[in-house]
Amino acid sequence: MRGLLIISLLSLVSAVYGQVDDPMIYTRSFTNKLRQHRIDFYQPVERWLHIADTQEDEYMEYDAVLHDEAELEIRIRLIPDEKAYSRAPHIEVMRTIAHISTNDPEADIRVSQINHRWVVENYNADWALYADFKPKEAFSAYPKGRILCIYREGRALIQYIILHDEEELDPYFEMPLSFID
C-alpha cells in the first residue's frame, strides 16, 4: 500500500513539473501558428483564459477565441507576412476597425500608435498600434472593444481583439504576446 502511495505521489510531482516546461496548448492549429511565426503568447497569472469553439463570424476568421470568468472575450488572428495586405499593417488595421466598429456617428474610435522604441523592446516587432472602439452589435454584444495590432516584417501581423465591459482593462492586455527572436 505504501509503495502505491509513493508511486502515485512521484507521478503527480512529475506531471506538475512536466507542465511547467511545456507551453500551454490552446488548440493544435493555434499553437502551431504561434510556433511557426515564433510568437510568445503569455498566459495571464490572474486570469484563466479558456478556448471557445467560435472560429469565424460574418466579419472575419480567427485563429483563437478565448474567454475568461469575467465574461471578457479575446479574438486572435495571425496574418502571415506572405499575405499582401499584411505588409501594410496600418491600412489593414484601419480596414478591420472600420469593418467591426459601429457606424454610430456618436461613437468615438481612439487610435493610438505605440512608441517605436517600446514596440521594439517589448513586442520585438517593427510596428504596433491599438484602438479603442464600440463594436457593431452584430459583431459582439460587449459594449467596448480594443484591437491591438503588432507587426514584424517577414513574420506576421497579429490582430488581438479584446471585447469587454470593464471600466479599465487589466495591465496584462498591454503586452499579451511578443515575437521571439
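Everything discussed here concerns the structure shown above.
Residues numbered from 1 in each chain as written. Predicted model: local features only at pLDDT ≥ 70, side-chain atom pairs only at ≥ 80, totals over all residues. Heavy atoms only, no water.

Assignment of secondary structure puts Thr 31 in helix H2 (residues 28-36). Residue Thr 31 is classed as buried on the basis of its relative accessible area, which comes to 6%. A distance of 2.8 Å separates a polar atom in the side chain of Thr 31 from the backbone oxygen of Thr 27. (Helix = DSSP H or I, 4+ residues; strand = E, 2+ residues; numbered from the N terminus. Buried < 20%, exposed > 50% of the residue type's maximum accessible area, 1.4 Å probe, protein only. Polar contact = N/O pair within 3.5 Å; in protein donor to acceptor, adjacent residues only side chain to side chain.)

Of all 9 residues in strand S7 (residues 144-152), 8 are buried, a share of seventy percent or more. Looking at chain direction, strand S6 (residues 127-133) and S7 are connected through 7 bridges and run antiparallel. Paired with Phe 133 across the bridge in S7 is Gly 145. When S7 meets strand S8 (residues 156-164), the two strands line up antiparallel, connected through 9 bridges. Across the sheet, residue Arg 146 finds its bridge partner in S8, namely Ile 162. Counted along the chain from S7 to the antiparallel partner S8, the turn is 3 residues long, and its residue Gly 154 has a positive phi close to 85 degrees. (Pairing = 2+ DSSP bridges.)

Here we come to the sheet that holds strand S3 (residues 64-67). One open sheet accounts for 7 strands, arranged S2-S3-S4-S8-S7-S6-S5; its pairing is antiparallel. Edge positions in the sheet fall to strand S2 (50-51) and strand S5 (110-113), since each has one partner strand and no second. In this structure, S2 lies alongside S3, joined through 2 bridges in antiparallel fashion. Note that in S3 the partner of Ile 51 across the bridge is Leu 66.

This paragraph deals with the pattern of salt bridges. Under the defined criterion, the tally for this structure stands at 9 salt bridges. Across the salt bridge formed by Lys 33 and Asp 63, the nearest N and O atoms sit 2.5 Å from each other. Of the two residues, Lys 33 is situated in helix H2 and Asp 63 in the loop between S2 and S3; the sequence distance between them amounts to 30 residues. On the basis of relative accessible area, Asp 63 is assigned to the buried category, the value being 11%. (Salt bridge = Lys/Arg side-chain N within 4 Å of Asp/Glu carboxyl O.)

What follows is about the environment of Gln 113. In this structure, Gln 113 sits in strand S5. Gln 113 sits 18 residues away from Ala 131 along the chain, and the two C-alpha atoms are 8.5 Å apart. The contacts of Gln 113, once residues within four sequence positions are left out, are Trp 127, Ala 128 and Leu 129. (Contact = heavy atoms within 4.5 Å.)

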